[in-house]
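Residue-level listing of the chains:
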Amino acid sequence: MIQFLSILKNPLTKMVFNKATEHFRHKAEKTKIIRAAEIEAAKTISVEQIKQQENSYKDEWLCFFFTIIFACHFLPFTQDAMQRGWEILEFADPMFWYIILTIVGASFGVTTMNKIKKK
């Protein structure tokens, strides 16, 4: 027991304990600030914006569009065109793919999660 108390009085042990304590305080404060910012951001979203998204058909159009593209790969009379399209897209600028990913991610990611939360 005496050895344990002497370890606690050791300057190195005190320094490590203080650093760990500072770390956890900082992390708790950071989490509190982030949550407060999220709450403020949620307050700025208007009811009108949410209602506009409820009646939006962009998800359905995107789903229909990608379904048609997928189906065309299996139709014999469109396979040559689909192959040629992929060959052309091989040389597309990476920014093109970032834009496509942003559009699809924004549509299906955010709005789909909102729809799941409502259920």
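Residues numbered from 1 in each chain as written. Predicted model: local features only at pLDDT ≥ 70, side-chain atom pairs only at ≥ 80, totals over all residues. Heavy atoms only, no water.

> Looking at this structure, I do not really get the overall build of the chain. What am I missing?
The secondary structure content of the chain amounts to 6 helices and 0 strands. When burial is assessed residue by residue, the chain has 6% of its 119 residues classed as buried. Carbon and sulfur atoms form 69% of the exposed surface of the chain, whose accessible area is close to 11,000 Å². (Helix = DSSP H or I, 4+ residues; strand = E, 2+ residues; numbered from the N terminus. Buried < 20%, exposed > 50% of the residue type's maximum accessible area, 1.4 Å probe, protein only. Areas by Shrake-Rupley, 256 points an atom, 1.4 Å probe, with all protein chains shown as cover.)

> Just checking my understanding: could you explain the packing of aromatic side chains for this structure?
The relative placement of two aromatic rings is captured by the distance of their centres and the angle of their planes. Within this structure, the stated rule accounts for 4 aromatic pairs. With a centroid separation of 5.2 Å and an interplanar angle of 65°, the aromatic rings of Phe-70 and Phe-74 are classed as edge-to-face. As far as the burial class goes, Phe-70 and Phe-74 line up, both exposed. (Phe/Tyr/Trp six-rings, centres within 6.5 Å; stacked < 30°, edge-to-face > 60°.)

> I'm lost on the layout of surface pockets in this one. Help?
Rolled over the atoms, a probe with the dimensions of a water molecule shows which regions are left empty. The volume enclosed by the largest pocket comes to roughly 300 Å³. Taken together, 14 residues make up the lining of the largest pocket; nearest its centre are Phe-65, Phe-66, Ile-69, Leu-89 and Trp-97. (1 Å grid on protein atoms, 1.4 Å probe; cavity = no way out; pocket = protein on both sides within 12 Å on 5 of 7 lines; lining within 4 Å. Points joined across faces, edges and corners; volume = space filled by probe spheres on them.)

> Explain the environment of Ile-103 here, please?
Here Ile-103 is to be found in helix H6 (residues 94–118). Look at Ile-103 and you get partly exposed, because its relative accessible area is 43%. Note: C-alpha distance between Ile-103 and Leu-62 (41 residues apart in sequence) is 9.3 Å.

> Explain the side chain of Thr-78 to me, please; I cannot follow it from the model alone.
Positionally, Thr-78 belongs in the loop between helix H4 (58–72) and helix H5 (79–89). Under the relative-accessibility criterion, Thr-78 is labelled buried at 14%. Here Cys-72 takes part through its backbone oxygen, which lies 2.5 Å from a polar atom of the side chain of Thr-78. (Polar contact = N/O pair within 3.5 Å; in protein donor to acceptor, adjacent residues only side chain to side chain.)

> Could you clarify how one ought to interpret the environment of Ile-69 in this entry?
One can find Ile-69 in helix H4. Expressed as a C-alpha distance, the spacing of Ile-69 and Met-82, which sit 13 residues apart in the sequence, is 8.2 Å.

> Which parts of the structure should I look at to understand the pattern of salt bridges?
Side chains bearing opposite charge may pair, as long as their charged atoms lie close to each other. Throughout the structure, instances matching the rule amount to 2 salt bridges. Here Glu-29 ties to Lys-32 by a salt bridge, and the two come within 3.7 Å at their closest N and O atoms. Of this pair, Glu-29 and Lys-32 are both found in helix H2 (residues 11–44), 3 residues apart, which corresponds to roughly one turn of the helix. By relative accessible area, which is 39% here, Glu-29 ends up partly exposed. For Lys-32, a relative accessible area of 55% gives the class exposed. With a closest N to O distance of 3.8 Å, Arg-84 and Glu-87 form a salt bridge. Here Glu-87 and Arg-84 lie together in helix H5, a separation of 3 residues that amounts to about one turn. (Salt bridge = Lys/Arg side-chain N within 4 Å of Asp/Glu carboxyl O.)

> Could you clarify how one ought to interpret the environment of Trp-86 in this entry?
Along the polypeptide, Trp-86 turns up in helix H5. By relative accessible area, which is 45% here, Trp-86 ends up partly exposed. Contacts of Trp-86, omitting those with residues within four sequence positions, involve His-73 and Trp-97. In this structure the side chain of Trp-86 is engaged in a polar contact, spanning 2.6 Å, whose partner is the side chain of His-73. (Contact = heavy atoms within 4.5 Å.)

Everything listed here is a matter of geometry and, on its own, says nothing about what the molecule does.
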